[in-house]
Amino acid sequence: MGADAPRLLITGVRGKTGLPLARLLVEHKDVDVLGGSSNPESVDLDGVRPTAFSWDVPSGWRAATEDVDAVYIVRPDRADAPDLIGALLDETPARARIVLLSEQDADYMGADGWAPRAERAVRDSGHAWTILRPSWFMQVFTDPRFYRDQIADGALPFSSGGASLAWIDARDIAAVAEQALLDEKHAGQVYELTGPESLTLPRTAELLSAAAGRPVVLHEMTIDEAVDGTTGFERELFALTFERVRAGSFAEVTDSVERVTGRPARTLPAFLAEAGPPFGRAT
Ligand SMILES: NC(=O)c1ccc[n+]([C@@H]2O[C@H](COP(=O)([O-])OP(=O)(O)OC[C@H]3O[C@@H](n4cnc5c(N)ncnc54)[C@H](OP(=O)(O)O)[C@@H]3O)[C@@H](O)[C@H]2O)c1
């Protein structure tokens, strides 16, 4: 690798967008990819340098960001995220370009809402920045922390109030992040990122059923039922997220994935066909 190869830090490299982003970046011959994780021993990716990075250990941020040219920030879902992001960027070399993973229609919350404040920490940092605002990830159907196991048992519990979601494949978010990290022409852009179509939950359940080869039944529920079992900030954030689902915050379809990457965004049926029934769970 050349001495002036751009050095990129990916926070959350084991996560839904961080992992596909790392896989894209290592394909570039002259890029030094640092894979940030709170558990760096578990980062085992060809061409990626495991790098200790934890939002809980600010004393490690300077080493993690030393000489970096760009940072991909996976916003931590915690109340102090705006402050943490601002503090991290204070320690990051001024020349480093920042790409923040935010969420679709973040302005719904008003300027003093949590997501807009996290974005403002980036905009006001003095760094060149790009903000990614994706819809809900298709990977929630394959992630055991979300719906994988319920779907495998034939159920999709959700609180949509009849609204649609423009589900996006996290790999398409990663493909946009790749461009934004490597090309300065994306500086100052806010990209609302979605899949190619907006689907109601009944239609989503139909597609899940078709891909699974057996019924996946939608259980439409209230927000209180949907957030049952969560507490504190996580509960507040989930409740607000479902309120926004019901208000249509994640329904609008954009062409940003294709405009930035030159490739159309993946469809839900294509994603499910690739994931294979029962979407990632061994039976
Ligand atoms: N899921 C969706 O549909 C969706 C939609 C729109 C926006 N978003 C936003 O996207 C972001 C990512 O959400 P996600 O659910 O998809 O998560 P994810 O990226 O799949 O996983 C979260 C990552 O955080 C890392 N992490 C955990 N504890 C950490 C710590 N103390 N310090 C540093 N890193 C830590 C984990 O890696 P290690 O354990 O290796 O550290 C993991 O890679 C969130 O801001 C979320 O609000 C999600």
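Residues numbered from 1 in each chain as written. Predicted model: local features only at pLDDT ≥ 70, side-chain atom pairs only at ≥ 80, totals over all residues. Heavy atoms only, no water.

Considerations on the packing of helix 3 (residues 81–91) against helix 4 (residues 114–123)
Interhelical geometry of helix 3 versus helix 4 gives an angle of 5° and a closest axis separation of 8 Å. As the angle between them shows, helix 3 and helix 4 are arranged roughly parallel. Only Trp114, Arg117, Ala118, Ala121 and Val122 of helix 4 make contact with helix 3, whose side of the interface consists of Ala81, Pro82, Ile85, Gly86 and Leu89. Of the residues contributing to the contact of helix 3 with helix 4, the split by class is eight nonpolar, one polar and one charged. (Axes fitted to C-alpha atoms, helices over the stretch in contact; angles between N-to-C directions. Helix = DSSP H or I, 4+ residues; strand = E, 2+ residues; numbered from the N terminus. Parallel < 35°, antiparallel > 145°, perpendicular 65-115°, else oblique. Contact = heavy atoms within 4.5 Å. Nonpolar A, V, L, I, M, F, W, Y, C, P; charged D, E, K, R; others polar.)

Details of the site of the ligand
By nearness alone, 23 residues border the ligand, and Arg14, Ser37, Ser38, Arg75 and Phe137 come closest of all. In this structure, serine 38 approaches the ligand through a side-chain N or O atom, which is 2.6 Å from an oxygen atom. Grouping the amino acids of the shell around the ligand by side-chain chemistry returns nine nonpolar, seven polar and seven charged. (Near = heavy atom within 4 Å. Polar contact = N/O pair within 3.5 Å; in protein donor to acceptor, adjacent residues only side chain to side chain.)

So, the sheet that holds strand 1 (residues 7–10)
Spatially, seven strands are ordered 3-2-1-4-5-6-9 in an open sheet, and the strand pairing comes out parallel. In this open sheet, the two strands that pair with only one neighbour each are strand 3 (48–52) and strand 9 (190–193). Recorded for the sheet is a direction-independent mean angle of 20° between the axes of neighbouring strands. Note that strand 4 (residues 70–74) and strand 5 (residues 97–101) share five bridges and pair parallel. Residue pairing across strands places valine 71 opposite isoleucine 98, the latter belonging to strand 5. The strands that helix 1 (residues 18–25) touches are strand 1, strand 2 (32–37), strand 3 and strand 4; relative to strand 1, the one it contacts most, it runs at about 160°. Sheet strands touched by helix 6 (residues 170–182): strand 1, strand 4, strand 5, strand 6 (129–134) and strand 9. Its angle to strand 5, the strand with the most contacts, is close to 160°. (Pairing = 2+ DSSP bridges.)

So, the environment of alanine 152
By secondary structure assignment, the location of alanine 152 is in helix 5 (residues 148–152). Here the alpha-carbon distance between alanine 152 and valine 216, two residues 64 residues apart in the chain, equals 8.1 Å.

So, the UniProt feature "domain: NmrA-like" (unreviewed entry) in the protein chain
Per the UniProt annotation, the sites labelled "domain: NmrA-like" (unreviewed entry) are residues 119–222. Taken as a whole, residues 119–222 contains 34% helix and 21% strand, while its terminal C-alpha atoms sit 29 Å from one another. (UniProt positions renumbered as here; feature names shortened; annotations may be inferred.)

Regarding the nonpolar core
By size, the foremost hydrophobic cluster in this structure holds 30 residues, and its most contacted members are Ile10, Leu21, Tyr72, Leu132, Ile173 and Leu193. Listed by contribution, the elements that provide at least two residues to this core are strand 1, helix 1, strand 4, strand 5, helix 6, strand 9 and helix 10 (256–261). Contacts of tyrosine 72, omitting those with residues within four sequence positions, involve Leu9, Ile10, Thr11, Thr17, Gly18, Leu21, Val99, Leu101, Leu132, Ile173, Ala177 and Leu181. In terms of nonpolar packing, the next biggest core, distinct from the first, is built from 24 residues, Ile151, Leu165, Ala212 and Val227 among them. (Core = buried A, V, L, I, M, F, W, Y, C linked by side-chain atoms within 4.5 Å. Buried < 20%, exposed > 50% of the residue type's maximum accessible area, 1.4 Å probe, protein only.)

Overview of the pairing of strand 9
Burial along strand 9 is one-sided: the face carrying Tyr191 and Leu193 is buried and the face carrying Val190 and Glu192 is not. Two elements, strand 6 and strand 9, share four bridges in a ladder whose sense is parallel. Within the sheet, the bridge partner assigned to arginine 133 lies in strand 9 and is glutamate 192.

As for unusual backbone geometry
With a phi close to 60°, aspartate 67 is a non-glycine residue in the positive phi region. Structurally, aspartate 67 can be placed in the loop between helix 2 (61–64) and strand 4. On the basis of relative accessibility, which here comes to 44%, the residue aspartate 67 falls in the partly exposed class. We note that aspartate 105 has phi near 55°; this positive angle belongs to a residue other than glycine.

Some words on helix 4
The α-helix winds at 3.6 residues per turn, so residues separated by three or four positions along the chain end up facing the same way. When you tally the buried positions in helix 4, you get seven out of ten residues, the bulk of the element. Of all the positions in helix 4, only Trp114, Ala115, Pro116, Ala118, Glu119, Ala121 and Val122 are classed as buried. Where helix 4 is buried, its residues meet helix 3, strand 5, strand 6 and helix 9 (232–246).

Observations regarding empty space enclosed by the protein
Evaluated as defined, the whole model comprises one cavity of 30 Å³ or more. Reported here for the largest cavity is a volume of approximately 40 Å³. Along its surface, the largest cavity is lined by Met138, Ala166, Trp167, Pro196, Glu197, Leu199, Thr267 and Leu268. Residue composition of the lining of the largest cavity, by class: six nonpolar, one polar and one charged. (1 Å grid on protein atoms, 1.4 Å probe; cavity = no way out; pocket = protein on both sides within 12 Å on 5 of 7 lines; lining within 4 Å. Points joined across faces, edges and corners; volume = space filled by probe spheres on them.)

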